[in-house]
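# Working through the structure, step by step
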Amino acid sequence: MLDVYAGAQAQATIKKYGFTPEIFSVMLGASGGPKWFVLAGLDRVIVPEFLCHASRPVDIVGTSAGAFRTACLTQRDPRAAINRLAHHYSRTTYSEKPSPTEISESARDILQLMLGEQGISEILNNKQFKAHFITARSKGLDKYTHKYAQMLGLICSAMGNTLSRKTIKSFYERVTFGVREINYDCPAKLGNTYVPLNENNLEDALVASGSIPLVMDGVRNITGAPTGMYRDGGIIDYHFDFSVQQPVSSSGLVLYPHFYKNPIPGWFDKGLPYRKPHTKSYDNVVMLVPSDEFIAKLPYGKISDRNDFINLDVSSRLKYWQIILSETDRLGELFMQWSSSDEIIDKMQDFHF
C-alpha cells in the first residue's frame with residue numbers, strides 16, 4: 001500500500017542509525033490541491049505520533065496545499081487541525097461558474113476555520129515544529145489583476161521555462177515566509193527571499209501560497225514583505241527540486257509524504273517529461289508514496305484532483321473524497337507499524353527520475 005523511496009545518503013543514515021525520529025530535521029509538503037487528501041492518513045500520525053519524539057526542532061516547508069498542511073502540522077494539536085482542514089476542504093462547493101474572487105474567499109474561509117482562534121499564535125510559538133510557506137512574487141505581467149495580462153504573463157513564463165528552468169527567476173521571485181530563516185540549495189539558482197512570519201502576515205502568506213493565477217486572486221502587498229503581487233508557491237516549487245540548507249549542528253534527513261513517485265520541479269514543468277528533479281536534491285530525502293496498487297483500489301482508480309470539480313457532479317465528488325480520506329488512514333497505520341519495527345528499512349527503494 002505504501003512505497004518508500006530514499007536517496008543514497010538517506011539510506012546510509014537509516015542503515016546506520018535506524019529509522020527513528022531523531023534522524024529527521026525537515027518535512028516537506030508539495031503543491032497539488034485536493035491531491036493531498038490521499039496523504040491525510042500519514043499527516044494524522046507523522047507529526048503527532050512519530051516526529052513528536054525527536055529532540056531537535058523540525059522545519060516543515062510547504063507550498064500551496066502543502067503550506068496548508070504545514071499550518072496544520074505546526075499547531076498544538078496537528079491531528080485536529082488536519083481533520084478540520086480535511087473536513088472543510090473536502091466539502092467545498094462553488095457556484096456553476098465561480099470567479100477567482102469566489103474561490104479565493106472560499107479558500108480564506110477554509111483556512112480561517114482550520115486556524116481557529118489560537119492557530120496563528122500556536123504556529124508562531126511552536127518550539128519544535130517550525131512553519132515555512134513558500135510563495136511566488138510576480139515580476140511579469142501576471143502581477144496585474146486583468147485576466148488577459150495574467151494569461152500573457154503565464155505564456156511568456158512557460159515559454160522561457162521550456163528553454164531553461166533558470167528563466168523562471170525573470171518572472172517570479174521565491175519568497176519564503178517562516179518562523180526562522182532557511183535557504184535552499186537549488187540547482188536552477190532561483191534564490192530565496194526570507195520574510196519572518198508574524199500575526200499580521202501569516203494568514204495572507206498562507207492564502208498567497210495557494211493562489212493559482214487565473215483561478216484565484218493573488219494577494220498584494222503582504223505585511224513585512226517586498227511590495228508586489230504574491231501567487232501560488234507551486235509556480236516555482238511544484239514538487240521541489242532543492243535541498244534545504246541546514247546548520248551542521250542540526251542537519252538531518254528530509255521526510256516527504258508525496259502523492260507521486262516522480263516529483264515535478266515546477267508548475268510549468270508538468271508538460272515537460274524531460275524536466276526532472278536533480279538526484280542531488282533527493283540525496284537525503286525519504287519519500288512516502290501511496291502505491292499503485294493502493295490507488296488502483298480507490299474509486300475511479302485515481303487520487304482526487306482539481307479536475308473532479310469539472311468531471312463529477314457535486315454528490316459524487318463529495319462521496320468520493322470522503323472515501324479517500326477514510327481509506328488513507330491505512331497508510332498512516334502502515335507507516336507507524338513499519339517505523340516502530342524498522343521494517344521500513346527493508347522497504348526502501350532507490351529514486352528513479
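What you see is a predicted model, and the numbers here were worked out from it, not measured in a lab.

When helices and strands are counted, the protein shows 13 helices and 13 strands. For the protein, the C-alpha radius of gyration of 19 Å lies close to 20 Å, the compact-globule estimate for 353 residues. In terms of overall dimensions, the protein has a C-alpha envelope of 55 × 45 × 45 Å along the principal axes. In the protein, buried positions account for 58% of the 353 residues. Considering only residue pairs separated by 6 or more positions, the protein has 78% of its internal contacts joining residues 24 or more positions apart.

Next up on the list: the layout of surface pockets. When its volume is computed, the largest pocket comes out at roughly 600 Å³. As for the largest pocket, its lining consists of 28 residues, and the residues nearest its centre are Y94, I103, V215, R306 and F309. Secondary structure elements with two or more residues in the lining of the largest pocket: α3 (65–73), α4 (78–89), α5 (100–115), α10 (308–311) and α11 (314–327). Top element by residues in the lining of the largest pocket is α5. It accounts for 4 residues. Each residue belonging to the lining of the largest pocket can be placed in one class, and the counts come to 18 nonpolar, 7 polar and 3 charged.

What follows deals with the packing of aromatic side chains. Going through the model one piece at a time under the given rule, you end up with 24 aromatic pairs. Each ring, one from Y172 and one from F268, has its centre 6.5 Å from the other, and the planes form 35°; the classification is tilted. Of this pair, Y172 sits in strand β5 (residues 172–178) while F268 sits in the loop between β11 (253–257) and β12 (285–290), and the two are 96 residues apart along the sequence. Pair check on accessibility: Y172 and F268 agree, each one buried. Clustering of aromatic rings is evident, with ring pairs tying together Y5, Y184, F240, F242, Y256, Y282, F351 and F353. Lying over the aromatic face of W321, R317 brings its terminal NZ or CZ to 4.8 Å of the ring centre.

Take the nonpolar core next. Ranked by size, the top nonpolar core spans 76 residues in total, and within it L51, V286, L288 and F335 carry the most contacts. Filtering out sequence-adjacent residues up to four positions away, V286 remains in contact with V4, Y5, A6, A10, I14, F19, F24, V254, L255 and Y256. Core analysis: the next-biggest nonpolar cluster, separate from the first, contains 29 residues, Y184, A188, I235 and V285 among them.

Time to look at a positive patch on the surface. A cluster of basic residues, K139, K166, K169 and K189, forms a positive patch on the protein surface. Relative to the helices and strands, K169 is located in the loop between α7 (147–163) and β5.

Criteria and thresholds
Residues numbered from 1 in each chain as written. Predicted model: local features only at pLDDT ≥ 70, side-chain atom pairs only at ≥ 80, totals over all residues. Heavy atoms only, no water. Helix = DSSP H or I, 4+ residues; strand = E, 2+ residues; numbered from the N terminus. Rg over C-alpha atoms; globule rule 2.2 N^0.38 Å. Buried < 20%, exposed > 50% of the residue type's maximum accessible area, 1.4 Å probe, protein only. Contact = heavy atoms within 4.5 Å. 1 Å grid on protein atoms, 1.4 Å probe; cavity = no way out; pocket = protein on both sides within 12 Å on 5 of 7 lines; lining within 4 Å. Points joined across faces, edges and corners; volume = space filled by probe spheres on them. Nonpolar A, V, L, I, M, F, W, Y, C, P; charged D, E, K, R; others polar. Phe/Tyr/Trp six-rings, centres within 6.5 Å; stacked < 30°, edge-to-face > 60°. Lys NZ or Arg CZ within 6 Å of the ring centre and 35° of its normal. Core = buried A, V, L, I, M, F, W, Y, C linked by side-chain atoms within 4.5 Å. Patch = residues over 30% accessible without salt bridge, like charges linked within 9 Å, V, L, I, M, F, W, Y side chains within 5 Å. Areas by Shrake-Rupley, 256 points an atom, 1.4 Å probe, with all protein chains shown as cover. Salt bridge = Lys/Arg side-chain N within 4 Å of Asp/Glu carboxyl O. Lys, Arg positive; Asp, Glu negative; His and termini not counted. Charge placed at Lys NZ, Arg CZ, Asp CG, Glu CD.

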